[in-house]
Amino acid sequence: SFYPGDDLGSIYTPLFTNFKVWAPTASKVSLLIYDDVRAVKYSEHDMKLNDDGTWSYKVFGDLKKALYMYRVCVNGMMNEVVDPYAKAVTVNGTRGAVVNMDLTNPEGWNQDRHSPVLESPLDAVIYEAHIRDISVDAGSGIRNKGLFLGLTEPGTLGPDGVKTGIDHLVELGVTHVHFLPLQDFATVDESVTAEDKARLGDGISGNSDWGRTYNWGYDPLNFNAPEGSYSSNPYDPYVRIYELKKMIQTLHRAGLKVIMDVVYNHTYKSWDSNFNLLVPG
């Protein structure tokens, strides 16, 4: 069976938040709401099983900063699971976060449009890029190296005045930028600060401690939330969404379309992925 609806996850309003998760083989599902950023104290709420295999619960009040998890009893096991449909997560993806999406919008986001539709798919000129690699080099001339914001900086120059970052993409004449996975992935420690990265090295040589945490992102942990190591503050669930939107908006304004690489047949350690803990098999 499957659930065809589009209302899974935490659906926020200022007055209440609806939580819904699909777990047809579970015998019990509880919603855990954490009341502080350390995610230590929580309240537990028994969710209601619906005829379509979903479990739901409505929490009244403004939960725009709340963290949450699901506690699932399935096959005689009790698992705590990050919501696979969470739009935002905490550092290293260990908790889901409720978000008021309006608060993640850069100015003008609701008017954002990509450049005109091409007359034919054959007219597409696609450039594949990695968020970190395209700006992290010491000579890139980009301030926000390795971050979403690195592609929001105009006028950046490398050695001998070569254009870098977004200006380089425009100069190439491409129509689309295809980004390697920018969803939350597992093997980069998001708690490593910018100061730590500077101390450990940029990882390009492959022999620094920071370098061993480098990844292209094909080990997804939370498919519907942006990766925190590409944000300026991975501890704030709102920041990674805002900065990703800002990057996309900037690329659109430069006449570039954006493709996100999402690989649903990849999971990280699939046996204990959020999907398998929630609905085994």
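Data block above holds the structure.
This section reports on the structure supplied with the text.

Let us look at the overall build of the protein. When you go through the protein residue by residue, the secondary structure sums to four helices and 15 strands. The C-alpha radius of gyration computed for the protein amounts to 20 Å, which stays within 12% of the reference 19 Å derived for 281 residues, consistent with globular compactness. Put simply, of all contacts in the protein between residues at least 6 apart along the chain, 69% involve residues at least 24 apart. Surface summary for the protein: the accessible area is close to 14400 Å², and the carbon and sulfur share equals 55%. When the 25 positive and 36 negative side-chain charges of the protein are each reduced to one mean point, those points stand 5 Å apart.

Here the idea is simple: oppositely charged side chains can pair when their charged atoms come close. This model, assessed by the stated rule, comprises nine salt bridges. Where glutamate 44 meets arginine 71, a salt bridge forms, and the shortest distance between an N and an O atom there is 2.9 Å. Residue glutamate 44 is found in strand 4 (residues 42–46), and its partner arginine 71 is found in strand 7 (residues 67–74); the two are separated by 27 residues along the sequence. By relative accessible area, which is 38% here, glutamate 44 ends up partly exposed. Residue classification places arginine 71 among the buried residues on the basis of a relative accessible area of 15%. Put simply, Glu44, Arg71 and Glu80 are held in one network by salt bridges that share partners.

On to a nonpolar patch on the surface. A contiguous nonpolar patch, built from Met260, Val262 and Tyr264 and spanning about 290 Å² of accessible area, is present on the exposed surface. Along the chain, valine 262 turns up in the loop between strand 15 (257–260) and helix 4 (274–278).

Glancing now at the packing of aromatic side chains. Scanning the entire structure with this criterion turns up eight aromatic pairs. Ring centres of phenylalanine 185 and tyrosine 230 lie 5.9 Å apart, and the angle between their planes is 65°; on these two criteria the pair is classed as edge-to-face. Of this pair, phenylalanine 185 sits in strand 13 (residues 183–185) while tyrosine 230 is found in the loop between strand 14 (220–226) and helix 3 (237–253), placing the two residues 45 residues apart along the sequence. The interplanar angle of 50° and the centroid separation of 5.5 Å between the aromatic rings of phenylalanine 223 and phenylalanine 275 together place this pair among those described as tilted. One end of the pair, phenylalanine 223, is in strand 14; the other, phenylalanine 275, is in helix 4, with 52 residues separating them in the sequence. Given a relative accessible area of 37%, phenylalanine 275 falls into the partly exposed group. A connected cluster of aromatic rings, assembled from ring pairs, spans Phe19, Tyr68 and Tyr70.

Bringing helix 3 into the picture now. Its 17 residues give helix 3 an end-to-end C-alpha distance of 25 Å, which sits within 8% of 24 Å, the value for a rise of 1.5 Å per residue. Looking at where helix 3 begins, the residue whose side-chain oxygen comes 2.9 Å from the main-chain nitrogen of tyrosine 238 is aspartate 236. Phi for glycine 255, located one or two positions after helix 3, is positive at around 90°.

For the rest of this paragraph, the subject is unusual backbone geometry. Phi is positive for asparagine 92, close to 65°, though the residue is something other than glycine. Position of asparagine 92 among the secondary structure elements: in the loop between strand 9 (88–89) and strand 10 (96–97). Even without being glycine, aspartate 160 reaches a positive phi, approximately 60°. Note on placement: aspartate 160 falls in the loop between strand 11 (126–129) and helix 1 (165–172).

By secondary structure assignment, the location of aspartate 184 is in strand 13. Side-chain polar atoms of aspartate 184 contact the side chain of asparagine 222, separated by 2.6 Å. The contact partners of aspartate 184, leaving out residues within four places of it in the chain, are Val89, Gly93, Glu190, Pro220, Leu221, Asn222, Ala225, Pro226, Glu227, Gly228 and Arg240.

Taken in spatial order, the four strands make up an open sheet running 1-2-6-5, and their pairing is antiparallel. Among the strands making up the open sheet, the edge pair consists of strand 1 (9–12) and strand 5 (48–49). As defined by bridge partners, strand 5 adjoins strand 6 (residues 54–60) across two bridges and the pair is classed as antiparallel. By the bridge assignment, lysine 48 is partnered in strand 6 with serine 56.

Conventions used here
Residues numbered from 1 in each chain as written. Predicted model: local features only at pLDDT ≥ 70, side-chain atom pairs only at ≥ 80, totals over all residues. Heavy atoms only, no water. Helix = DSSP H or I, 4+ residues; strand = E, 2+ residues; numbered from the N terminus. Rg over C-alpha atoms; globule rule 2.2 N^0.38 Å. Contact = heavy atoms within 4.5 Å. Areas by Shrake-Rupley, 256 points an atom, 1.4 Å probe, with all protein chains shown as cover. Lys, Arg positive; Asp, Glu negative; His and termini not counted. Charge placed at Lys NZ, Arg CZ, Asp CG, Glu CD. Salt bridge = Lys/Arg side-chain N within 4 Å of Asp/Glu carboxyl O. Buried < 20%, exposed > 50% of the residue type's maximum accessible area, 1.4 Å probe, protein only. Patch = residues over 30% accessible without salt bridge, like charges linked within 9 Å, V, L, I, M, F, W, Y side chains within 5 Å. Phe/Tyr/Trp six-rings, centres within 6.5 Å; stacked < 30°, edge-to-face > 60°. Expected span 1.5 Å × (residues − 1). Polar contact = N/O pair within 3.5 Å; in protein donor to acceptor, adjacent residues only side chain to side chain. Pairing = 2+ DSSP bridges.

Fair warning: the whole summary comes from geometry, so function is off the table for now.
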